[in-house]
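Notes for the structure review
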Amino acid sequence: MTIKERYRRAMEWFQTAIPEAETELHYKSPFQLLVAVILSAQCTDKRVNMVTPPLFEAYPTAEAMSTASLDDIYSYIKSVSYPNNKAKSLLGAAKMLVEEYNGEVPSDIDSLMRLPGVGRKTANVMLSVVWNKAAMAVDTHVFRVSERIGLTTGSKTPLQTEKELCRYIPEELIPRAHHWLILHGRYVCKARRPDCLNCGLTQVCRYYMQESKKG
DNA sequence: AACTCGGGGCA
DNA sequence: TGCCCAGAGTT
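Residues numbered from 1 in each chain as written. Chains lettered and ligands numbered in written order. Predicted model: local features only at pLDDT ≥ 70, side-chain atom pairs only at ≥ 80, totals over all residues. Heavy atoms only, no water.

In plain terms, the rule: UniProt positions are given in the numbering used here, feature names are shortened, and annotations may be inferred rather than shown by experiment.
In the annotation of an unreviewed UniProt entry, the entry for chain A reads Endonuclease III, and the organism field reads Heminiphilus faecis. The annotation that UniProt attaches to chain A under Sequence similarities (unreviewed entry) is "Belongs to the Nth/MutY family." UniProt's Catalytic activity (unreviewed entry) comment on chain A is quoted here verbatim: "2'-deoxyribonucleotide-(2'-deoxyribose 5'-phosphate)-2'-deoxyribonucleotide-DNA = a 3'-end 2'-deoxyribonucleotide-(2,3-dehydro-2,3-deoxyribose 5'-phosphate)-DNA + a 5'-end 5'-phospho-2'-deoxyribonucleoside-DNA + H(+)".

**Looking at the environment of Leu-70**
How we decide: A helix here means a DSSP run of H or I that spans at least four residues, while a strand means a run of E at least two residues long, and both kinds are numbered starting from the N terminus. Contacts are assigned to residue pairs with any non-hydrogen atoms lying within 4.5 Å of each other.
Secondary-structure assignment places Leu-70 in helix α5 (residues 70–77). Expressed as a C-alpha distance, the spacing of Leu-70 and Ala-58, which sit twelve residues apart in the sequence, is 13 Å. Sequence-distant contacts of Leu-70, defined by excluding residues within four places in its chain, comprise Ala-87, Lys-88 and Leu-91.

**Things to note about the protein's contact with DNA strand C**
As a reminder of what qualifies: Residues are labelled near a given molecule or strand when at least one of their non-hydrogen atoms is within 4 Å of it. Here a polar contact is recorded for every N or O atom pair within 3.5 Å, except that within protein the pair must consist of a potential hydrogen donor and a potential acceptor, and residues adjacent in sequence are included only if both atoms are side-chain atoms. Nonpolar residues are Ala, Val, Leu, Ile, Met, Phe, Trp, Tyr, Cys and Pro. Charged residues are Asp, Glu, Lys and Arg, and all others, Gly as well, are polar.
Every residue near DNA strand C is listed here: Gln-42, Pro-116, Gly-117, Val-118, Gly-119, Arg-120, Lys-121, Thr-122, Asp-139 and Thr-140. Within the backbone of Val-118, a nitrogen or oxygen atom sits 3.5 Å from a phosphate oxygen of DNA strand C. In this structure, Gly-119 approaches DNA strand C through a main-chain N or O atom, which is 3.1 Å from a phosphate oxygen. Per-element accounting of the surface near DNA strand C gives the leading share, three residues, to helix α8 (residues 120–131). In the surface near DNA strand C, the residues fall into two nonpolar, five polar and three charged.

**Considerations on the packing of helix α9 (residues 140–148) against helix α11 (residues 174–187)**
For clarity, the cut-off: Axis lines are fitted to C-alpha atoms, over the contacting stretch for helices. Their N-to-C directions set the angle, which ranges from 0 to 180 degrees. Every angle not falling under 35 degrees, over 145, or within 65 to 115 is termed oblique; those three ranges are roughly parallel, roughly antiparallel and roughly perpendicular.
The contact between α9 and α11 brings their axes to 8 Å, and the two run at 85°. Considering the angle they form, α9 stands roughly perpendicular to α11. Every residue of α11 that contacts α9 at His-141, Val-142, Arg-144, Val-145 and Ser-146 is listed here: His-178, Trp-180, Leu-181, Ile-182, His-184, Gly-185 and Arg-186. The residue makeup of the contact of α9 with α11, split by class, is five nonpolar, five polar and two charged.

In structure tokens form, the structure reads like this:
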């Protein structure tokens, strides 16, 4: 099966199979999404969802957060923060937003990646979710699913995966494909014990083929 | 590009 | 208990 055929089948699935589920789309502002995504790194969504309501009540905007003290921010996110780093990232990002971007979240990748706590993945999430741009944020879900169903072939780094996916997926479908890959990876094509019975892509899936052989 | 970081989830 | 995780930051 050619790579284009694999993509064609995946695209068909993308159109029909978005599951009903909580997504990053449930955010009140770009700033609050940014904070949530920064906190999400190395941490489960559940725990992030525990701390964000009180955090956003205290600091609903970049401006509000930028004037807070490190300790105050830290007190809100203790349970999802490693010693010292995330409160610093949040405060630093809030300050940079206020000082350099008029309190708004910028919409280009270079500006986003200058923010503390924001790497390539987080920056691409913002571009994709907030501005619907043709950005592919490669996290482990996207990486794993793409490898299994053959959209990538042995990509070694997230950046290589990102480039390969963007090469074959039509620009206007990239935000949807991104959304789909993440949800599919989270709820169906899980790292351990994936729900292959609920997946429409078993015909193109290397993982499924392997498991089938095992019996 | 490879390494570090470090609490949580899971076997 | 020990292994792996998921990203950002560092070298």
